[in-house]
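A look at the structure
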Amino acid sequence: MDRTPLLPSSVLAQIDALLIDPRGSFAPRPIALCRAPDFDTTQVVTLVTVHEDGSLVVVLAEPLALEETCWVEKSTHSDHAQAGPYLVSEVHVGNRPEDTHALCWIHVLRQDPWADTVALT
């Protein structure tokens, strides 16, 4: 007989959401994001994770296009995010329970090694 206690479905749902949308224990920080093609408009977004490979996970109220080029400004709030060009490599709707109250989009931004940084600055 299995004597493992059963977890309530709400706890299981939270565990599933964390596995699908792992934001970890990183403290969210605001960063400035400029979007192509003109990079004139700066938008403050929430940085929730920086991966070991330098990619950033950010939250926005609306989705960005896959492969869209963005520029992350140097931030006084986070020395984890490197300034420079990034490509949007993943986009999905937030899956955590707290995301159901306010729709948000989770984006993975990967550093763009092929960007012409002279043209972007």
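When helices and strands are counted, the chain shows two helices and six strands. Evaluated residue by residue, the chain yields a buried proportion of 35% over its 121 residues. Taking all contacts inside the chain whose residues are at least 6 apart in sequence as the whole, residues at least 24 apart take part in 53%. A total accessible area of about 7800 Å² is found for the chain, and carbon and sulfur atoms account for 57% of it.

Working definition: two side chains of opposite charge can pair if their charged atoms are close together. Taken as a whole and judged by the stated rule, the model has four salt bridges. With a closest N to O distance of 3.9 Å, Glu62 and Arg35 form a salt bridge. Separated by 27 residues along the polypeptide, Glu62 in the loop between β3 (56-60) and β4 (69-72) and Arg35 in strand β1 (residues 29-35) bring together distant segments of the chain. Residue Glu62 is classed as partly exposed on the basis of its relative accessible area, which comes to 30%. As a salt-bridge pair, Asp53 and Arg110 come within 3.2 Å of each other at their nearest N and O atoms. With Asp53 in the loop between β2 (42-50) and β3 and Arg110 in strand β6 (residues 105-111), the pair connects residues that are 57 residues apart, well separated along the chain. Judged by relative accessible area, Arg110 falls into the partly exposed class, the value being 32%. Put simply, Arg35, Glu62 and Glu68 are held in one network by salt bridges that share partners.

What counts and how
- Residues numbered from 1 in each chain as written.
- Predicted model: local features only at pLDDT ≥ 70, side-chain atom pairs only at ≥ 80, totals over all residues.
- Heavy atoms only, no water.
- Helix = DSSP H or I, 4+ residues; strand = E, 2+ residues; numbered from the N terminus.
- Buried < 20%, exposed > 50% of the residue type's maximum accessible area, 1.4 Å probe, protein only.
- Contact = heavy atoms within 4.5 Å.
- Areas by Shrake-Rupley, 256 points an atom, 1.4 Å probe, with all protein chains shown as cover.
- Salt bridge = Lys/Arg side-chain N within 4 Å of Asp/Glu carboxyl O.

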